[in-house]
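# Report on the structure
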Amino acid sequence: MTLKLLWQNSPEQLENKHIQQIIAFAGEGRLQDGSKACSEFREFLNHIPSAHLCRYANECLETTFSDSGFALQDVVNQLGRRLGFQVVDGRYRGTKGDIGNDGLWQFPNGHHVVVEIKTTDAYRIDTKRIAEYRKKLISNGKISEEFSSILIVVGRQDTGDLEAQIRGSKYAWDIRLISVEALLKLLVLQESVDDRKSYIDRICKILVPKEYTRLDEIIEIVFFTTKEVQKEESSEDEIFEEELDNQQGDQKQDKKFAPAAFHQACINRFSNLENLIFLKRSRSTYSTSDNKTALVCAISKIHKRVGYTAYWFAFHPYWQEFLESAERGLLILGCGSADCMLVIPYSEVKTWLNDLWITERNDGMYWHLRIHSEDSKLYLDRKKGK
């Protein structure tokens, strides 16, 4: 049984295993270019939660074992995929006639990054050799000189010597440097925001080499992420309570409440029903590793109104774009808890949008999906007369 199938059918067998033990379960038990173990391990990484990637990266850096450098290379390339980049894995060992880069990442805007991954900066890095990888890729027509650069990913944050080495080389304007820990933080932040596309666009800008005399782009990503977190803390449920009161003149039945937070419970339930593994892409979006099935999970607490129970959801344009990008898009509405879930094809949701109320805010617009419950039945509220 492959690692992927073992994870899908009996995850408890792998859940707490060290990454060295995981590799031992794969194919021949050693990571080698073109081996069954290599393909199994990389496929396994495509299906695990990001928390496991973080743990495996740290285990590669904290424990020295024969395949630790190769395993870290695969984990870092997987981080690139999770951050929304197209990734081509490199070879573990360079051979004559092959380009020896560890990975090649393509950003959504078409910019290519030649990736070099190092577990430590204890040894001097040959920047000329890495620049040659990029030069060969350019001459082979795989990337362009204008829209490509180099990214060195290192296992340590204390990289003063390496930074000085890069600054002193003639390739300084082509290279960016980042730690594994910083990449992991970028992934964790991505899963806390809803507008994933805007977040990825900002990440790409700071990973491309440039002279940061002006710091606007770095400030932009800090501001964007902070605003997204504040949006979550303010809770769309609270906004709904205010808007519903204004529109219908009802009195609130519950003045204080904690925001609902059961996205993952809904996804787990649906995953079991479908027998599929869904990866978290942002706070509310999930998809299979091949992105063929995409899910948006919106949740609502139970709102007790006078005479009926209500559930309220916001549907955002960036969710619409996310669902349209997949062969199969589904909207999951968690009504009060994962015990009451609606799973609706996006093709159906799309036909409702012109009949739904819209709220315009300074940071964008969204549609209202308002559902009320009467006599054990659920009704979709639409514009008057619909």
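The paragraphs below set out a description of the structure included in this document. Since the model is a prediction, treat every value here as computed from it, not as a measurement. Along each chain, numbering runs from 1 in the same order as the chain's sequence is written. Totals for whole chains, interfaces and linings use all residues, but because this is a predicted model, local features are given only for residues with pLDDT of at least 70 and pairs of side-chain atoms are given and counted only at 80 or more. Only heavy atoms go into the side-chain values, all of them from the structure, while hydrogens and water stay out.

## Concerning the overall build of the protein chain
Our working definition: Think of it this way: any DSSP run of H or I at least four residues long counts as a helix, any run of E at least two long counts as a strand, and we number them from the N terminus. With a 1.4 Å probe rolled over the protein chains alone, any residue whose accessible area is under 20% of its type maximum counts as buried; one over 50% counts as exposed, and the rest are partly exposed. By the convention used here, residues are in contact when the closest approach between their heavy atoms is within 4.5 Å.
Looking only at helices and strands, one finds 14 helices and 15 strands in the protein chain. Expressed as a percentage of its 386 residues, the buried residues of the protein chain come to 51%. In the protein chain, 61% of the contacts between residues at least 6 apart in sequence involve partners at least 24 apart.

## Concerning the nonpolar core
Quick reminder of the rule: Definition used in this section: a nonpolar core is a set of buried Ala, Val, Leu, Ile, Met, Phe, Trp, Tyr and Cys residues joined via side-chain atoms within 4.5 Å.
Grouped together as the largest cluster of nonpolar side chains are 53 residues, with contacts concentrated most on Ile19, Phe41, Phe44, Phe85, Trp105, Val153 and Leu183. Look past the residues within four positions of Leu183 in its chain and what remains in contact with it is Val76, Leu79, Leu83, Trp105, Val153 and Ile178.

## Details of the sheet that holds strand β7 (residues 285-287)
Selection criterion: Strands pair, by our definition, only if DSSP identifies at least two bridges between them. Geometry is summarised by axes, namely lines fitted to C-alpha atoms with helices restricted to the contacting stretch, and by angles between N-to-C directions that run from 0 to 180 degrees.
The 5 strands lie next to each other as β6-β7-β8-β11-β12, forming an open sheet whose pairing is mixed. Each edge of the open sheet is held by one strand with a lone partner, namely β6 (279-280) and β12 (341-345). Where β7 lies against strand β8 (residues 293-300), 3 bridges are found, and the strand directions are antiparallel. Across the sheet, residue Thr285 finds its bridge partner in β8, namely Val296. Sheet contacts for helix α13 (residues 317-324): β7, β8 and β11 (328-335); angle to β8, the most-contacted strand, approximately 150 degrees.

## Let's talk about the packing of helix α4 (residues 50-62) against helix α8 (residues 180-190)
Note the threshold: Should an angle lie under 35 degrees it is considered roughly parallel, over 145 roughly antiparallel, and from 65 to 115 roughly perpendicular; all remaining angles are considered oblique. Residues are grouped as follows: nonpolar covers Ala, Val, Leu, Ile, Met, Phe, Trp, Tyr, Cys and Pro; charged covers Asp, Glu, Lys and Arg; every other residue, Gly included, is treated as polar.
Look at α4 against α8: their axes get within 11 Å of each other, and the N-to-C directions meet at 175 degrees. Between α4 and α8, the crossing angle belongs to the class labelled roughly antiparallel. Side by side, α4 and α8 meet where Ser50, Leu53, Cys54, Ala57 and Leu61 of the first sit next to Val180, Leu184 and Leu187 of the second. Of the residues contributing to the contact of α4 with α8, the split by class is 7 nonpolar, 1 polar and no charged.

## Some points on the layout of surface pockets
We count it as follows: Using only the protein atoms, space was sampled on a 1 Å grid; points where a 1.4 Å probe fits but cannot get out form cavities, open sets with protein on both sides within 12 Å along at least five of seven lines form pockets, and lining residues are those with an atom within 4 Å of a point. Grid points are joined across faces, edges and corners, and a volume is the space filled by probe spheres set on the points.
In this structure, the second largest pocket occupies an estimated 640 Å³ of space. Per element, the largest residue contribution to the lining of the second largest pocket is 4 residues, and it comes from helix α9 (residues 196-207). In terms of residue class, the lining of the second largest pocket is made up of 8 nonpolar, 9 polar and 9 charged.

## Here's the deal with unusual backbone geometry
Its identity as a non-glycine residue notwithstanding, Asn291 has a phi of 60 degrees, on the positive side. Locating Asn291 in the fold gives a position in the loop between β7 and β8.

## Regarding the pairing of strand β3 (residues 112-118)
Most of β3 sits out of view: 6 of its 7 residues are buried. Of the strand pairs in this sheet, strand β2 (residues 103-106) and β3 are connected by 4 bridges, and their pairing is antiparallel. Residue pairing for β3: Gly103 is matched across the bridge by Val115. Between β2 and β3, which pair antiparallel in sequence order, lie 5 residues; one of them, Gly110, sits at a positive phi of approximately 95 degrees. Bridge count between β3 and strand β4 (residues 148-154): 7 bridges; the pairing is parallel. Each bridged residue has a counterpart across the sheet, and for Ile117 the counterpart in β4 is Val153.

## Description of the sheet that holds strand β5 (residues 175-179)
Strand order in the open sheet formed by 5 strands is β1-β2-β3-β4-β5, and the pairing between neighbours is mixed. The outermost strands of the open sheet, each flanked by one partner alone, are β1 (86-89) and β5. For this sheet the average axis-to-axis angle between neighbouring strands, irrespective of direction, equals 25 degrees. Judged from the 5 bridges that link them, β4 and β5 form a sheet pairing that is parallel. Within the sheet, the bridge partner assigned to Val154 lies in β5 and is Ser179.

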